[in-house]
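# Overview (structure and organization)
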Amino acid sequence: MSTSPSNSPPNVLPQTLIGAGAVLIAAVLAYGALSISSNAGYAGVGPNFLPWLVSAAMLVCGAWLIWEARSGGFRELETPSGAATGDWPALAWVSAGVLGNAALITRIGFVLSCALCFVLAVRGLRISEGRAAGSVRQTLIDAVTGMLIAAPVFWMFSKVLAINLPGLTSSGWL
């Protein structure tokens with residue numbers, strides 16, 4: 001099913017630009033991978049292996065998207081679902097959660113910053129569904145839920161995998 005009316009050829013420029021954007025991201029990732037040491041680590045794989053793998057996969061995907069766009073357009077496109085425009089208030093809540101997490105993780109610790117991210121993101125997702133953002137009670141439930149998700153992750157990374165994550169206390173539980 002095509003989104004273009006009456007089987008006319010699709011406008012290939014926007015579709016080509018999507019592929020070109022993927023190729024550009026691959027180039028940026030490859031440029032960043034150049035600055036990572038290639039000394040072999042565990043099992044002979046160096047720390048730059050994964051960035052090179054991701055950039056190569058992104059390059060293949062970008063080239064494929066460009067080929068698809070230039071050889072007749074993206075095929076079998078379904079009519080997009082959802083709203084005709086973006087939900088900016090919902091995006092603002094989710095973005096605030098992610099940016100707040102990044103800004104506060106070293107100050108208030110992994111568990112609390114991830115719980116805050118969860119609370120703000122869930123609020124944004126509720127708004128995007130047209131539901132009430134949440135009462136004080138719901139916000140507290142979300143905060144507890146966020147901590148119940150983040151605490152085992154923190155414990156797994158710090159205790160089992162021996163990866164240091166920022167904690168609020170010296171005991172390592174917050």
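Located above this text is the structure these notes cover.
Quick summary incoming for the structure in this document. (Residues numbered from 1 in each chain as written. Predicted model: local features only at pLDDT ≥ 70, side-chain atom pairs only at ≥ 80, totals over all residues. Heavy atoms only, no water.)

## A word on the environment of F110
Checked against the element boundaries, F110 lands in helix α4 (residues 110-128). Since its relative accessible area comes to 12%, F110 is described here as buried. It is 6.9 Å that separates the C-alpha atoms of F110 and F154, two residues lying 44 residues apart in sequence. Setting aside residues no more than four positions away along its own chain, F110 makes contact with I105, A150, V153, F154, L165 and P166. (Helix = DSSP H or I, 4+ residues; strand = E, 2+ residues; numbered from the N terminus. Buried < 20%, exposed > 50% of the residue type's maximum accessible area, 1.4 Å probe, protein only. Contact = heavy atoms within 4.5 Å.)

## Examining the pattern of salt bridges
On inspection of all chains with the given rule, the structure shows two salt bridges. For D142, the salt bridge identified is with R126, shortest N-O distance 2.8 Å. You can see D142 sitting in helix α5 (residues 136-160) and its partner R126 sitting in helix α4, a full 16 residues away along the chain. Since its relative accessible area comes to 6%, D142 is described here as buried. Here E129 ties to R131 by a salt bridge, and the two come within 3.0 Å at their closest N and O atoms. The exposure class of R131 is partly exposed, given its relative accessible area of 48%. (Salt bridge = Lys/Arg side-chain N within 4 Å of Asp/Glu carboxyl O.)

## Section: a nonpolar patch on the surface
Together, I149, V153, W155, M156, F157, V160, L161 and I163 make up an exposed nonpolar region whose accessible area comes to about 680 Å². Take M156: it is sitting in helix α5. (Patch = residues over 30% accessible without salt bridge, like charges linked within 9 Å, V, L, I, M, F, W, Y side chains within 5 Å. Areas by Shrake-Rupley, 256 points an atom, 1.4 Å probe, with all protein chains shown as cover.)

## Some remarks on the packing of helix α1 (residues 12-34) against helix α2 (residues 49-70)
With their axes 8 Å apart at the nearest point, α1 and α2 run at an angle of 165° to one another. When the axes of α1 and α2 are compared, the pair comes out roughly antiparallel. With respect to the hand of their crossing, α1 and α2 are arranged in left-handed fashion. Split by residue class, the contact of α1 with α2 holds 20 nonpolar, five polar and one charged. (Axes fitted to C-alpha atoms, helices over the stretch in contact; angles between N-to-C directions. Parallel < 35°, antiparallel > 145°, perpendicular 65-115°, else oblique. Left-handed = near helix turned anticlockwise from the far one by under 90°. Nonpolar A, V, L, I, M, F, W, Y, C, P; charged D, E, K, R; others polar.)

## Comments concerning the environment of Q138
Take Q138: it is sitting in helix α5. Separated by 15 residues in sequence, Q138 and R123 have C-alpha atoms that sit 9.6 Å apart.

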